[in-house]
Amino acid sequence: MPARTHSRPHPATTGGAGTRLPWWALALPTLAFVALLALILNPSDAQAAGGGDPTLARLLERVQQLLAR
């Protein structure tokens, strides 16, 4: 008894509306990246939340000086 051959199903059509991102899906990560980059480039604008460790502050200041060279 011969086996029946099945034809391949039609490939799914790609709809344009399903693949588009909303505007905020790109805007929010970009805004966060720019804000963090601004804090790295000018840390004097950042306000400390608490007492903080002076050793950590000196270390971060030294890293900034090394990166500025």
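Residues numbered from 1 in each chain as written. Predicted model: local features only at pLDDT ≥ 70, side-chain atom pairs only at ≥ 80, totals over all residues. Heavy atoms only, no water.

**Here's the deal with the overall build of the protein**
Here's step 1: Each helix and strand counted, the protein has three helices and zero strands in total.
Here's step 2: Carbon together with sulfur atoms contributes 66% to the accessible area of the protein, which is approximately 7200 Å² in total. (Helix = DSSP H or I, 4+ residues; strand = E, 2+ residues; numbered from the N terminus. Areas by Shrake-Rupley, 256 points an atom, 1.4 Å probe, with all protein chains shown as cover.)

**Some remarks on the confidence of the model for the protein**
Here's step 1: Confidence in the prediction of the protein, expressed as mean pLDDT, is 76, and 67% of residues score 70 or more.
Here's step 2: Model confidence for the protein, summarised as mean pLDDT per element, is weakest for helix α1 (residues 16-19) at 62 and strongest for helix α2 (residues 23-41) at 88. (pLDDT = per-residue confidence, 0-100.)

**Quick word on a nonpolar patch on the surface**
Here's step 1: Together, Phe33, Val34, Leu37, Ile40 and Leu41 make up an exposed nonpolar region whose accessible area comes to about 530 Å².
Here's step 2: Looking at the element boundaries, Phe33 is found in helix α2.
Here's step 3: You can call Phe33 exposed: its relative accessible area is 56%. (Patch = residues over 30% accessible without salt bridge, like charges linked within 9 Å, V, L, I, M, F, W, Y side chains within 5 Å. Salt bridge = Lys/Arg side-chain N within 4 Å of Asp/Glu carboxyl O. Buried < 20%, exposed > 50% of the residue type's maximum accessible area, 1.4 Å probe, protein only.)

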